[in-house]
Amino acid sequence: MNVIMLGPPGVGKGTQAMELSKICGIPQISTGDILRANVKQGTPLGLQAKAIMERGELLPDAVVIGIIAARLEEPDCESGFILDGFPRTVAQADALEEMLTRQGKRIDHVINVQAGDEVLTRRISGRRTCRSCGRMYHVEYDPPSSPGICDTCGGELYQRDDDREGTVQRRLEEYRAKTQPLIQYYSGRGLLREVDGEAPRETVLKSMRELLGV
Ligand code: AMP
């Protein structure tokens, strides 16, 4: 099963994608995670991405399309994948369609998770991420048992640079201008499934499982 998670930053796509990935036994592919790993390792891609990400802007389409093209060729994608944070523009969606057609594959579901700006801003500003395993927490709604330490792996929790207040508005603007048109794009192809991202996390997961039949 090949799934796209669509939605604004902070809506909970990553958290839900991680859960669904475990349930379905297929990889979660997050362009944001791949880029952050490159920034951490100081690769040429990471050096290019760092400043753009800190400004809350999108990387050039060609760069992220290249990343995804290589990732989808890996053997663990054979039985399916969950794309989280890609595509984010119509050009990326077109490129994805081409890649999949070449591989004899197609997208089965696009889950559109929605929430209002106020909820998104609150969620993003309280979000903390584990440096080691990537698990996400919220200081208020979903705190770890010991402050600053990941329950799963004991790793250090940190606030992403682009989760700081100044950058969040820019990310939301980028989403509205460049990513929102994908709602129309995929609903026109009959692939769009809507989920209320303001519902409690367990309810959101339950709705997604029902939609995907898993
Ligand atoms: P995310 O973790 O999905 O919120 O992504 C963090 C940042 O990585 C974004 O704000 C962009 O700067 C960059 N990024 C991630 N995915 C994409 C993409 N598909 N296209 C362009 N930039 C991306």
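On a predicted model such as this, the values are computed, not experimentally measured, just so you know. (Residues numbered from 1 in each chain as written. Predicted model: local features only at pLDDT ≥ 70, side-chain atom pairs only at ≥ 80, totals over all residues. Heavy atoms only, no water.)

A. Inspection of the side chain of threonine 167 at higher detail. Residue position: threonine 167 is located in helix H7 (residues 165-179). For threonine 167, a relative accessible area of 11% puts it in the buried group. Ignoring any residue separated from it by four or fewer positions in sequence, one finds threonine 167 in contact with Met53, Glu54, Arg55, Gly56, Asp161 and Asp162. (Helix = DSSP H or I, 4+ residues; strand = E, 2+ residues; numbered from the N terminus. Buried < 20%, exposed > 50% of the residue type's maximum accessible area, 1.4 Å probe, protein only. Contact = heavy atoms within 4.5 Å.)

B. Focus on the pattern of salt bridges. As enumerated under the stated definition, the model contains 22 salt bridges in all. Among the salt bridges present, the one from aspartate 76 reaches arginine 71, with a minimum N-O distance of 2.8 Å. The exposure class of aspartate 76 is partly exposed, given its relative accessible area of 37%. Classification of arginine 71 by relative accessible area gives buried; the value is 16%. The salt bridge partner of glutamate 210 is lysine 206, with a shortest N-O separation of 3.5 Å. (Salt bridge = Lys/Arg side-chain N within 4 Å of Asp/Glu carboxyl O.)

C. Broad picture of the sheet that holds strand E8 (residues 192-196). Strand order in the open sheet formed by 5 strands is E2-E3-E1-E4-E8, and the pairing between neighbours is parallel. The strands lining the two open edges of the sheet, one partner per strand, are strand E2 (28-30) and E8. For this sheet, the mean inter-axis angle between neighbouring strands, taken without regard to orientation, is 25°. Judged from the 4 bridges that link them, strand E1 (residues 2-6) and strand E3 (residues 81-84) form a sheet pairing that is parallel. By the bridge assignment, methionine 5 is partnered in E3 with aspartate 84. The strands touched by helix H8 (residues 181-188) within the sheet are E1, strand E4 (109-114) and E8, with E1 carrying the most contacts at an inclination of about 145°. (Pairing = 2+ DSSP bridges. Axes fitted to C-alpha atoms, helices over the stretch in contact; angles between N-to-C directions.)

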